[in-house]
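Chain by chain, the residues:
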Amino acid sequence: MSLRALLPRRVLTPNGFESGRAVLLDGGMILQVLPARDCPIEAERRELDGDLLPGFIDLQVNGGGGVLFNVEPTVDGIAAIARAHRRFGTTGLLPTLISDDLDVVARAIAAVDDAIERRVPGILGIHIEGPFLNPARKGIHDAGKFRLLDEQAIEVLSSLKRGRTLVTLAPELAPPGAVRALTERGIVVAAGHTDATFEQVSSALDEGLAGFTHLYNAMTQLGSRAPGAVGAALSDEGSWCGLIVDGHHVHPAALRVALRAKGAEKLALVTDAMPTVGSEVKEFRLGGRRIVAQDGRCTDAAGTLAGSDLDMASAVRNAETMMGVDFATAARMASESPARAIGRADSRGSIVAGAHADFVLMDSGRRVVETWIGGAAERT
């Protein structure tokens, strides 16, 4: 057994930030977290000047490095997106397909399957955002691609053999029992781009709806007599919510309301990133429309938000300032919370014995210095 020991200035464990600790690695797994003084003498030791955190996990990544997943639903496209986001501390992600034809959905799922089989670093599964959405809340999605969730679609959505599948849909348009049928096949179902009433969302929660995609955005809002999807999300104790913390999608006060209602453990930071992240090119085409990233916002000519120009390291920094949480809590919302949301908290998102050796090292300025995926290091 070839042992390696990482000895950071501080390490974020389930107990909080701890100093004087060694993270012992056996290949791509964490063998033990122990006092540095007890580190085995045979272990190859490496001291790290910074904070060692669980690697960030992003559940909503449309693109990066100049690549849009819808345009390049291939192993090469997936690898390019993952490489771009790794620079910002993302060691696990779900490539996200925006509403498209069912044959494109099938190709994207097959490409992710292939990428995982080939061990492309950081690929945990796929997020299918649409095309089972409500035109009334379409946002930047092409409503011409929308369709009903029928048996054929359920079969395609269930075709991933490796990794986790997350599906975002409008629950009010799903046939009775469809959400349950997906969850029984191991799919994580989230509500998004929905015009549902509180009661309709509640029925979907009873069927196994697990979460809410980009809370507040593209969904019915909280009203005094009509709590809507936002009210259902905030009042339900079991579900999780994704949040785009870029200062453009959600007001800081609304972010803090979500924090108080759900608790940090039920909030997952996501980027909703577009190809501009990790790229010097700040415009691209989406469904025939020109999208431009400027001042941190991605918009079309009409000013409609089209994903984001956000990376996970920035999301963590923003969470500290906009949500008023400490660094440890912000980091956990980018690692432990998303891992739990997709049922991977047993092996991802925390620095504990038995977990994958996926880390991000940040300096005192909250900048990414180095990442590890499966124990393999890469400096930024």
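Right, let's walk through the structure included here.

Some words on the environment of arginine 332
Take arginine 332: it is sitting in helix 9 (residues 327-333). Separated by 38 residues in sequence, arginine 332 and glutamine 294 place their C-alpha atoms 29 Å apart.

A short note on the layout of surface pockets
Empty space among the atoms becomes visible once a probe the size of a water molecule is rolled across them. Roughly 280 Å³ of internal volume is contained in the largest pocket. Ile116, Arg119, Val120, Pro121, Gly122, Ile123, Leu124, Arg348, His356, Asp358, Ile373 and Gly374 are the residues that line the largest pocket. Residue classes in the lining of the largest pocket are distributed as 6 nonpolar, 3 polar and 3 charged. By volume, the second largest pocket amounts to about 210 Å³. Considering each element in turn, the lining of the second largest pocket owes the most residues, 3 residues, to strand 19 (residues 305-308). When its residues are assigned to classes, the lining of the second largest pocket shows 6 nonpolar, 10 polar and 2 charged.

Comments concerning the packing of aromatic side chains
Tallied over the full model, the rule gives 2 aromatic pairs. Ring centres 6.0 Å apart and planes at 70° place the aromatic pair phenylalanine 359 and tryptophan 372 in the edge-to-face group. Here phenylalanine 359 is found in strand 20 (residues 359-362), whereas its partner tryptophan 372 is found in strand 21 (residues 368-373), with 13 residues between them in sequence. For phenylalanine 359, a relative accessible area of 0% puts it in the buried group. Classification of tryptophan 372 as buried rests on a relative accessible area of 1%. We note arginine 10 situated over the ring of phenylalanine 17; from NZ or CZ to the ring centre the distance is 3.9 Å. For the cation-ring pair, arginine 366 lies above phenylalanine 327, with the distance from its terminal atom to the ring centre recorded as 3.8 Å.

Parameters and conventions
Residues numbered from 1 in each chain as written. Predicted model: local features only at pLDDT ≥ 70, side-chain atom pairs only at ≥ 80, totals over all residues. Heavy atoms only, no water. Helix = DSSP H or I, 4+ residues; strand = E, 2+ residues; numbered from the N terminus. 1 Å grid on protein atoms, 1.4 Å probe; cavity = no way out; pocket = protein on both sides within 12 Å on 5 of 7 lines; lining within 4 Å. Points joined across faces, edges and corners; volume = space filled by probe spheres on them. Nonpolar A, V, L, I, M, F, W, Y, C, P; charged D, E, K, R; others polar. Phe/Tyr/Trp six-rings, centres within 6.5 Å; stacked < 30°, edge-to-face > 60°. Buried < 20%, exposed > 50% of the residue type's maximum accessible area, 1.4 Å probe, protein only. Lys NZ or Arg CZ within 6 Å of the ring centre and 35° of its normal.

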